[in-house]
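Geometric and topological summary
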Amino acid sequence: MIFKTVLVIALCILVLAMLFNLYRIIKGPSSPDRVQALDSIGINLIASTAVFSVLLHTHAFFDLILLIGILSFIGTVAFARFIERGVVIERKR
């Protein structure tokens, strides 16, 4: 019973952290701050999915956790390249 309560509290804290990161995305002073907040939302989403999986006693969300991690990494790299160079994919002609 106590373990389930701790998991629910952890889930609430993770949702609160995602809301703070959403505020940073909207009001961020610069583009790198927004990219970092977006990456942090991806990490918090992975953690909340893992806590939810433990709460439901299932292994069904492990593939979803892996997919979110891969997409978060690719998105962060794409945004970083866009900020650095102005384009994501360079075409040499």
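Conventions adopted
Residues numbered from 1 in each chain as written. Predicted model: local features only at pLDDT ≥ 70, side-chain atom pairs only at ≥ 80, totals over all residues. Heavy atoms only, no water. Core = buried A, V, L, I, M, F, W, Y, C linked by side-chain atoms within 4.5 Å. Buried < 20%, exposed > 50% of the residue type's maximum accessible area, 1.4 Å probe, protein only. Helix = DSSP H or I, 4+ residues; strand = E, 2+ residues; numbered from the N terminus. Contact = heavy atoms within 4.5 Å. Patch = residues over 30% accessible without salt bridge, like charges linked within 9 Å, V, L, I, M, F, W, Y side chains within 5 Å. Areas by Shrake-Rupley, 256 points an atom, 1.4 Å probe, with all protein chains shown as cover. Salt bridge = Lys/Arg side-chain N within 4 Å of Asp/Glu carboxyl O. Polar contact = N/O pair within 3.5 Å; in protein donor to acceptor, adjacent residues only side chain to side chain. Phe/Tyr/Trp six-rings, centres within 6.5 Å; stacked < 30°, edge-to-face > 60°. Expected span 1.5 Å × (residues − 1). pLDDT = per-residue confidence, 0-100. Axes fitted to C-alpha atoms, helices over the stretch in contact; angles between N-to-C directions. Parallel < 35°, antiparallel > 145°, perpendicular 65-115°, else oblique. Nonpolar A, V, L, I, M, F, W, Y, C, P; charged D, E, K, R; others polar.

1. Overview of the nonpolar core
The biggest cluster of nonpolar side chains holds five residues, and these are Leu7, Leu11, Leu14, Val51 and Leu55. Elements with a contribution of two residues or more to this core: helix 1 (2-27) and helix 2 (31-56). Ranked by the residues each element gives to this core, the list is headed by helix 1, at three residues. If sequence neighbours within four positions are ignored, Leu55 has contacts with Lys4, Leu7 and Val8.

2. Section: a nonpolar patch on the surface
Taken together, the side chains of Val15, Leu16, Leu19, Phe20, Leu22 and Ile26 define a hydrophobic patch exposed on the protein surface, amounting to about 590 Å² of accessible area. Considering the arrangement of structural elements, one finds Leu22 in helix 1.

3. With respect to the side chain of Ser72
By the secondary structure assignment, Ser72 is in helix 3 (residues 62-85). Only 3.3 Å separates the side chain of Ser72 from the side chain of Asp39, close enough to count as a polar contact. Ser72 has contacts with Asp39 and Gly42, leaving out every residue within four places of it along the chain.

4. A few points about the packing of aromatic side chains
Within this structure, the stated rule accounts for one aromatic pair. Ring centres of Phe52 and Phe61 lie 5.8 Å apart, and the angle between their planes is 55 degrees; this geometry places the pair in the tilted category. Classification of Phe61 by relative accessible area gives partly exposed; the value is 23%.

5. Comments concerning helix 2
For helix 2, which comprises 26 residues, the first-to-last C-alpha distance of 37 Å matches the rise-based estimate of 38 Å (1.5 Å per residue) to within 8%. Restricting attention to buried positions, one finds in helix 2 the residues Val35, Ala37, Ile41, Gly42, Asn44, Ser48, Thr49, Val51, Ser53 and Leu55. Along its buried surface, helix 2 packs onto helix 1 and helix 3. Looking one or two residues beyond helix 2, the residue adopting positive phi is His57, at roughly 55 degrees.

6. Topic: the confidence of the model for the protein chain
For the protein chain, per-residue confidence averages 91 on the pLDDT scale, and residues scoring 70 or more make up 99% of the total. Of all secondary-structure elements in the protein chain, the lowest mean pLDDT belongs to helix 3, at 90, while helix 1 reaches the highest, 95.

7. Focus: the environment of Ile25
As for its placement among the helices and strands, Ile25 is situated in helix 1. With a relative accessible area of 22%, Ile25 lands in the partly exposed category. Apart from residues no more than four positions distant in its own chain, Ile25 is found in contact with Arg34, Ala37, Leu38 and Ile41.

8. What to know about the packing of helix 2 against helix 3
With their axes 10 Å apart at the nearest point, helix 2 and helix 3 run at an angle of 175 degrees to one another. The angle between helix 2 and helix 3 places the two elements in the roughly antiparallel class. Residues Ser31, Pro32, Val35, Leu38, Asp39, Gly42, Leu45, Ile46, Thr49, Ala50 and Ser53 of helix 2 lie in contact with helix 3, whose contacting residues are Phe62, Leu64, Ile65, Ile68, Gly69, Ser72, Thr76, Phe79 and Ile83. By residue class, the composition of the contact of helix 2 with helix 3 is twelve nonpolar, seven polar and one charged.

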